Each structure stands twice: as structure tokens, then as C-alpha cells.
Amino acid sequence: MAPDPNSASGSGTRDETSVKVPAKDPKKKDEKKDEDLSEEDLALKQQLELYVERVQDPDPGLQKVALESMRQEIRTSTSSMTSVPKPLKFLRPHYGTLKAYYETMGDSDLKKYLADILSVLALTMSAEGERESLKYRLLGSEGDIGSWGHEYVRNLAGEIAQEYTKRQSDEAPIDDLMELVQEIVAFHMKHNAEPEAVDLLMEVEDLDLLVEHVDSTNFKRTCLYLTSAARYLPGPDDMLVLDIAYMIYLKFEEYPNALQIALFLDNLQYVKQIFTSCDDLLRKKQFCYILARHGVSFELDDDMVADDDDRYVLQDIINNIRFSEGYLTLARDIEVMEPKSPEDIYKAHLLDGRASAGASVDSARQNLAATFVNAFVNAGFGQDKLMTVPSDASSGASANWLFKNKEHGKMSAAASLGMILLWDVDSGLAQIDKYFHSTDNHVIAGALLGVGIINCGVRNDCDPALALLDDYVNKEDPSVRIGAIMGLGIAYAGTQNDQIRSKLTAILNDAKAPLDVIAFSAISLGLIYVGSCNEEVAQAIIFALMDRSESELGEPLTRFLPLGLGLLYLGKQESVEATAEVSKTFNDKIRKYCDMTLLSCAYAGTGNVLKVQNLLGHCAQHLEKGETHQGPAVLGIAMVAMAEELGVEMAIRSLEHLLQYGEQNIRRAVPLALGLLCISNPKVNVMDTLSRLSHDTDSEVAMAAVISLGLIGAGTNNARIAGMLRNLSSYYYKDANLLFCVRIAQGLVHLGKGLLTLNPYHSDRFLLSPTSLAGIVIMLFACLDMKAIIVGKYHYVLYFLALAMQPRMLMTVDEHLKPLSVPVRVGQAVDVVGQAGRPKTITGFQTHSTPVLLAAGDRAELATEKYIPLSPILEGYVILKENPEYREEH
């Protein structure tokens, strides 16, 4: 329409109604109009009317001149954004005349010329839905469409999309359309309108064309648009779009981005392909850091890394062997190595008299709470003030603390040593060894669990965890067995280890095994085979569920069986359907519960709107007391919707409604769902809702709300939440159960002294780590029945959170993987998808030198040109190589 480059977008906001209606009685209108027109406009109008008459002249020579001039006028006219260009305006009354004359012309070049002009006129003239612009375009002369201006091209693209759907339903040929699409895509890609090109290709279902049209200047923006759009597309389109993005990244050797897409698609073939196509060892090390953060167990082979020594180094990075070292470097740099005691966290001196008076009594319950707080706060630091007291006290104090806990409390206390020594396998196993010689079964059970926690996320060739725990799985004492089974689940999450599978499936089929042992076996199997859709494991769990008696099905722990089954299909969408069919044959008591759990897990992190609606439908029913399946449905809403920011906001609002209208069993789950949606990301509105619910009359709701306050503040040291929890501790000083929950929440808020996060999303909130999510989900499902599990004797379920603990840091390392301090800017991430030019990706930044902590929604960028980062996303470990073109400024 407007050929002038300055008015490139043409009449973008034209007033449809006034434009589309042809003048009813042109005579009267014209007389009126003529008086308003300036002289040059009048001249132009008469000129154009003359051209229209000349076009209908029998002499082809005159026709050609007239068409040329008309074309020239249209192309050179400029107009403001809001008005129609003058020539088009004056030619409107003649649109019909020219159309009629066109039909009478014989085939010739002139006829094509006229078709071109009619196509442009149709832009403002044709009736809605006629697609005349496209019709005449296809009849017109071949050649450059861009010269008629952006608006014309955009209009054509819109008409092509409609025409395409129509022809698809009539099964008509589309070759002529596709040629035009080629031209339009080339035009858009040249003029920085990548999103428009992608949209058109999606409409005509031919995204493969994109790969030919991208070049090194625009591939990043194209791929950014593709990956962001994929979140909102229905399957299987989303996977296709990501596939194309992967191809484009591979074509331009942008391997780290390709790797992220490969992980998002959970396609290990692609990961192998990236390792084989890239021949730079340093970049491969960076890939390994990305894989390690994602928590995939991945074996390198000769094709991927030829040299043996190099391969060991890379495999060690994937296996997180030196993970603890890096974390402690961060802690030293930020100067938080000093161990903290639970009292430092409670800050009782800030409260009034009455609360602190009751606290002086040494109750087992208080000590158990202190055990957890101590474990969470000093997680991974390797030293604390309760368990790892130096040996010159002749192992007095740590043993003392252990025995300040009653029976099953000792199990959590011994295991807390594992949490303090998190990721540090060598010195950790040595320190925890002393508990294996204990005569108390609970202590041994705790030590076994501790071994699992130390090995969480760290793989080792000699499998120390398996060697230590293997013998204890089939011992007599149920708590020892649970310790060993849960330890294996945490240590080998996501590894799909066959040896453990045969061991644990045997327990599931054992009729004599106690219910709790069976429940924890199912959970551990679900963790080890998370997202693998493994049929044998699924069958073992299904049979175990079918063998349960009526009375057992009512037990809270039985509900771990469907959860273990769900974890096998975590995020795997349709793959769950066969198993879901089988679950319809279960006993009535557990059938719906199983159904909801499978649905929630299978679509976790997909953002699938239809599934959220389905789950909301289940929550809307008002049922009598005994129904348990609405709890997982509420959690399911959060699990599915957590995929992207918009979904999170909408889910938070839906959960508000459930609070107002839902039955008791729904209200108990809502705080937990809110906790999952904003995990380690304390949003003020959610914080206020939870604060309100923490004073609820129903103690289960209050307990869930308190734990969730801990979850949304996990590892943030958020002062406001810490203050709320302090006040709650004095408010509930007489209620042992609620006080216990408040203490746990206080421990979570100060997780790792503020260096850790529980957020399962990483890489700019693009990738979801399956093992992290699994750990959080198990803990939340346990919280659906606070009294039986968390406040009961299975409180050690809280240690499943170890799976989700990750340092929220950016650590830059040099080519030899030694820490390297460089200045970085850290600020709020800004979404720049589809914006023109090179917009800033962060706002409100501060400059620090690495290592630095990143809060939720923060993004970092290097503040120096001296180094080039090998990963496009600055998070976790990033390798920097020196920039060869950098010159020091004097």
C-alpha cells in the first residue's frame, strides 16, 4: 500500500467501517468533496480520473502509459498512519468500473498490470471475506510484492491464511499460494518481521521453509519467537515448532541453545547429535554443566568425546562430582560459612515474653523441629552446631543431639547429617559411618537415608550408595528398610537403574511386606524411573495397588502408590493413557484418586489449558466428606499451570475462587498448590493469601498454609515471611503440631543460608528438571494429609526436597574450570520476544562481581567485553573464554 519506507506499516489502524463501504451516491458526495479539496488534491483527482478513462481506451499504447502512471502515483504516495493514501482514496469510486473492465480484457501483459493495481485497490475496497486482493495478486504479473509496501504484504498474508484453510477443506491444489508464501516470507525475513513470517508459515503448515530463509543476522530472534510461541501452541504443533528451532540453532552452530531445546523435548538422540557435531572441547564442557543442572543421567561414549581423559573430565561434570566444591566457593565468597543454629533462625528474642517462656522445655517435638531447621539452614555446608561438632568433645555433642529425639525422631536426626554434608560424597560417607554401628534401628535407618541424601544428584562410578544400602533393603525392621529404600530413591533419581528396579519390584509383590515399606518402594521406583514410562515398573505398582485390602486402601500411605505410578509419566502427556485406562478398574476407594494423580503428573509443566479446565471441573463438585481425589486435582492445577508466567497468574486467581466456594478437602490443598506455583518466588499477593490462611480455623488448612509460606520463601531469606513466621510461632505456641510446621517453614525460608532455591525451572525458566519437580511433588502429596504423615511419624518425607535444592548462583569459571571473578550486571529479566532492534534484556540492574546470587526472575549479563561466555544464559556454571578482539583501554 504505502511504498514509501517511512510509512512502512501503511494504514495499520484504518477505520474498517468507513473504508469498506463504497459511496452510495457518488454524484452528491463528489460535489461536496470537491469544495473541501485543496488545489493539488483536485488536480490529482482529475488526473486519476483521466487515467481511469484512458485505461479503457482501445489503443494499447495509451493503456500502458495510463497504467504505468497510475502505478507510479500509488507507489509514490505517502500518507500518515491513520489515513488512506490519496490515490487510493480517489480511485475508490472507480474500483467497480476497473473491475468490470478487467473482466472484458483479453489476456495480455496489460491485463496483468491492471490486476496488480486492482490487487492494491482491493486492500481498502474489497468487502470483508472476499479475498479479492489475493485473487488479483495471483492473476497479476510475477515480481516484487514488497514494492507496494508492508501493509499490502501483511494484508496478503492474512488473506492467504484464510484461503489456505478453505482450500484444505475443499482439497484444492495450493501450489500457486505456496509460491506467493515463499515471496512473502523472504520479504518479512529481510525486513526484520520474523514473527510475521513464522505466523504465516504456521498458518500454511509449512515451517520447514523457515530453515532456508533464516540467516546469521536474524536466526536468534526467529528462534526466540519460535521457542516462546511453543508454550502457547496445542500439541503436537509445539513439538514441531521446537524441532524447527533446534534445526536452525544446529545450522548456525549455536549449540547451547540447541541443547536446551533437546532437553525440553527430552530427546537424548538430539543431545548425542549436539556432542558429535561440536568439536570444541570447551563448549562440550559447557554442555555438561547444562546437563548436570538439568539432572539428566547421560553417558558419554567415544563418538561424542574421542579422547579418554577428556571424556572422564566431562563425565565428572555431568555427574556433579565437584559440585560441593563450587557451592562452598560461593559460600566463602559471600562469607556465610559460619554455621547457624536453629536459635539464630527463630530469633525468639524479638518476640514478647509468653512465647519464649514455653520454649525452654526440651520437648522431643521441639528438638525434631530444630533438627530439620538445622538441616535445611546448613544444607551442603558440611558443618553445623548440632550434628558435626568437632571430635575433641569426644563425639559428645552430636551423639547427645541425636538422643534428644524420640524413636522415629532419631531417624530424621541421623539423616539430617546427610543433608548438612549434601553433595560431598567422600567426607560425607566417612562422617556418617559411625551411625551404622549403632544398636538403635532408627539411627541405622536415618544413616541409610543420610547416605542417599549425600549422593543426591551426584553420580559416582563406584556407586557407593548402592553398595551401602543394598544389604539393608530386605532387613527385618521396617524403618531400616524404609531408610534404605528412600535413600536409594533419592540417590538414584532419574538414573533408571535396573539392579534397584528388580530389588524394589520384588518388595511390591511381597504379600508380607508392611504397607509403609511398599508405599516407599513405589515412590522410590517412581523417582528412579521418573518420566521414563517404564512398563515393568508401572505393572509392578499396579499389581501392588490391586492387592491392597479394603482397609489398607483407606490408609493415607496407600496414596503414595498412585503417586509413584504418576511419576513414571511425569510430563509425558499422552503416554499415560494406557495406564489411566487400567486405573479405571481399581477399587472405588482409590480409583478417582489414582485418575487425578496420573493426569496431574502426566501433564505437569506442560501448561495444557484443557487439562487445567478438566481438573477445575473435578474441584467444582461438592462431595461428601470421605472423598480424597480433589486434593491431587488442586495440586494438579498448579503442576500443569506452572509452565509459564501467564498460566501461573491465572491459576492463582482460579485457586482464590476454590478457596471461597470449595469444600474442606479442597481448601486444604489450595495453599500447597499456591506454594508450588510460586516456589522460591515470594509474590506479595500469594504471601498475603497464605498469611490469611495460616490463621484458618481448620488446623489442616493452617498447617498447609504455614508450610507453603516456607516453600514460596525457600532460600530467599525473605524478611517479610520470616517476620510472619516469627509472629505465627508466638501465636501457636501452645499448638505443638502447628508450631512444628512454623519451625519447618522457618528452616525453609533460610534454606542454605539463602544460597539455595527449590525452583525446578532453570535456564531462564525454560527447562523443568524432572527430578526436582518429583521431589517437590512427593513432599506436597505427603502434605495433603498433614496429621498422618508430616506431623505423624513419616516426617522424614521432607528430605525429598533435597532433590530440588540447587544453588541459585552464577559461577563463572575459566578454561581450566577454576573460578574466575568478572563484573556482571544482575537485574529483572525483560521479555524481548518479537521486539525490533536489540532491546535491553534486563532492567534496573546492579553490577556485582561473580559469583553472584540470582533471585527469581533475575537475569545476568557480562559487564565486560574481555570474555565471551560459552552459554547464552548466565546461570549456574558458565565457562568464559578470552575475547581475542578485546583491547585494554588506557
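Please refer to the structure higher up on the page.
Residues numbered from 1 in each chain as written. Predicted model: local features only at pLDDT ≥ 70, side-chain atom pairs only at ≥ 80, totals over all residues. Heavy atoms only, no water.

1. Considerations on the overall build of the protein
When helices and strands are counted, the protein shows 45 helices and 11 strands. With the C-alpha coordinates aligned to their principal axes, the bounding extent of the protein is approximately 115 × 75 × 55 Å. Across the protein, the fraction of contacts at a sequence separation of at least 24, relative to all contacts at a separation of at least 6, is 72%. Put simply, the protein shows about 36,900 Å² of open surface, and 50% of that area lies on carbon and sulfur atoms. Here the protein carries 84 positive and 122 negative side-chain charges, and the mean point of each set is 5 Å from the other. (Helix = DSSP H or I, 4+ residues; strand = E, 2+ residues; numbered from the N terminus. Contact = heavy atoms within 4.5 Å. Areas by Shrake-Rupley, 256 points an atom, 1.4 Å probe, with all protein chains shown as cover. Lys, Arg positive; Asp, Glu negative; His and termini not counted. Charge placed at Lys NZ, Arg CZ, Asp CG, Glu CD.)

2. What to know about the environment of Leu233
On the secondary structure map, Leu233 appears in the loop between helix 13 (219–230) and helix 14 (237–251). Along the primary structure Leu233 and Asn608 are separated by 375 residues, whereas in three dimensions their C-alpha atoms are 9.2 Å apart. Those residues in contact with Leu233 that sit more than four places away from it in its chain are Met202, Asp238 and Val241.

3. Points about the pairing of strand 9 (residues 858–862)
Two faces belong to every sheet, and in a regular strand the side chains alternate between them. On strand 9, burial follows the alternation: Asp858, Ala860 and Leu862 on one face are buried, whereas Arg859 and Glu861 on the facing-out side are not. In terms of strand pairing, strand 6 (residues 823–829) meets strand 9 through 5 bridges, oriented antiparallel. The partner of Val824 across the bridge, within strand 9, is Leu862. (Buried < 20%, exposed > 50% of the residue type's maximum accessible area, 1.4 Å probe, protein only. Pairing = 2+ DSSP bridges.)

4. Remarks on the pattern of salt bridges
Summed over all chains, the structure comprises 28 salt bridges. Between Arg167 and Glu163 there is a salt bridge, with its nearest N and O atoms 2.9 Å apart. On the criterion of helical spacing, the pair formed by Arg167 and Glu163 is a turn pair, its members being 4 residues apart in helix 9 (residues 150–170). Between Glu700 and Lys787 there is a salt bridge, with its nearest N and O atoms 3.9 Å apart. Highlighted residues: Glu700 in helix 41 (residues 699–712) and Lys787 in the loop between helix 44 (770–783) and helix 45 (789–793), separated in sequence by 87 residues. (Salt bridge = Lys/Arg side-chain N within 4 Å of Asp/Glu carboxyl O.)

5. Description of the packing of aromatic side chains
Across all of its chains, the model carries 21 aromatic pairs by this definition. A ring pair is formed by Phe219 and Tyr249, whose centres lie 6.4 Å apart and whose planes are at 85°; its orientation type is edge-to-face. Separated by 30 residues along the polypeptide, Phe219 in helix 13 and Tyr249 in helix 14 bring together distant segments of the chain. Each member of the pair, Phe219 together with Tyr249, is buried. An aromatic cluster of at least three residues, connected via ring pairs, comprises Tyr289, Phe323, Tyr327, Phe381, Trp423 and Tyr877. (Phe/Tyr/Trp six-rings, centres within 6.5 Å; stacked < 30°, edge-to-face > 60°.)

6. Focus on the sheet that holds strand 5 (residues 809–813)
Taken in spatial order, the 4 strands of this open sheet run 8-5-11-10, and their pairing is mixed. Across the chains shown, the open sheet's two edge strands, defined by having one partner strand only, are strand 8 (852–853) and strand 10 (867–869). Across the sheet, helix 19 (residues 323–334) is in contact with strand 5, strand 8 and strand 11 (876–882); its angle to strand 5 comes to roughly 105°. (Axes fitted to C-alpha atoms, helices over the stretch in contact; angles between N-to-C directions.)

7. Let's talk about helix 22 (residues 364–377)
Between its terminal C-alpha atoms helix 22 stretches 20 Å, which fits the 20 Å expected from 14 residues at 1.5 Å a residue. Helix 22 sits mainly inside the fold: 11 of its 14 residues count as buried. Here helix 22 has its buried residues at Asn367, Leu368, Ala369, Ala370, Thr371, Phe372, Val373, Asn374, Ala375, Phe376 and Val377. (Expected span 1.5 Å × (residues − 1).)

8. Some thoughts on the side chain of Lys285
Assignment of secondary structure puts Lys285 in helix 17 (residues 281–294). One buried charge, Lys285, has no salt-bridge partner; the nearest side chain with opposite charge is Asp310, at 6.2 Å. Once you skip the residues sitting within four places of it in the chain, Lys285 turns out to touch Val313, Leu314, Ile317, Glu815, Leu817 and Ile879.

9. Focus on the environment of Asp463
As for its placement among the helices and strands, Asp463 is situated in the loop between helix 26 (441–454) and helix 27 (464–469). Exposure remark for Asp463: the relative accessible area of 26% places this residue in the partly exposed category. Sequence-wise, Asp463 and Lys793 are 330 residues apart; in three dimensions their C-alpha atoms are separated by 30 Å.

10. A few points about the sheet that holds strand 7 (residues 842–849)
Read across the open sheet, the 3 strands follow the order 7-6-9; overall the sheet is antiparallel. Edge positions in the sheet fall to strand 7 and strand 9, since each has one partner strand and no second. When the angles between neighbouring strand axes are averaged without regard to direction, this sheet yields 30°.

11. Observations regarding the side chain of Glu644
With respect to the helices, strands and loops of the structure, Glu644 is situated in the loop between helix 37 (630–641) and helix 38 (645–661). Arg231 provides the closest opposite charge to the buried, unpaired Glu644, separated from it by 6.5 Å. If we ignore the near neighbours within four places in the chain, the residues touching Glu644 are Arg231, Tyr232 and Arg765.

12. Let's talk about the packing of helix 9 against helix 10 (residues 175–190)
Taken N-terminus to C-terminus, the directions of helix 9 and helix 10 make an angle of 145°; their axes are 11 Å apart at the nearest point. Helix 9 and helix 10 meet at a crossing whose hand is left-handed. Seen from helix 9, the contacting residues are His150, Val153, Arg154, Leu156, Ala157, Ile160, Glu163, Tyr164 and Arg167; seen from helix 10, they are Asp176, Leu177, Leu180, Val181, Ile184, Phe187 and His188. Residue classes in the contact of helix 9 with helix 10 are distributed as 10 nonpolar, 2 polar and 4 charged. (Left-handed = near helix turned anticlockwise from the far one by under 90°. Nonpolar A, V, L, I, M, F, W, Y, C, P; charged D, E, K, R; others polar.)

13. Comments concerning a negative patch on the surface
On the surface, a cluster of negative charge is contributed by Asp199, Glu203, Glu205 and Asp237. Among the secondary structure elements, Asp199 is positioned in helix 11 (residues 194–203). Look at Asp199 and you get partly exposed, because its relative accessible area is 34%. (Patch = residues over 30% accessible without salt bridge, like charges linked within 9 Å, V, L, I, M, F, W, Y side chains within 5 Å.)

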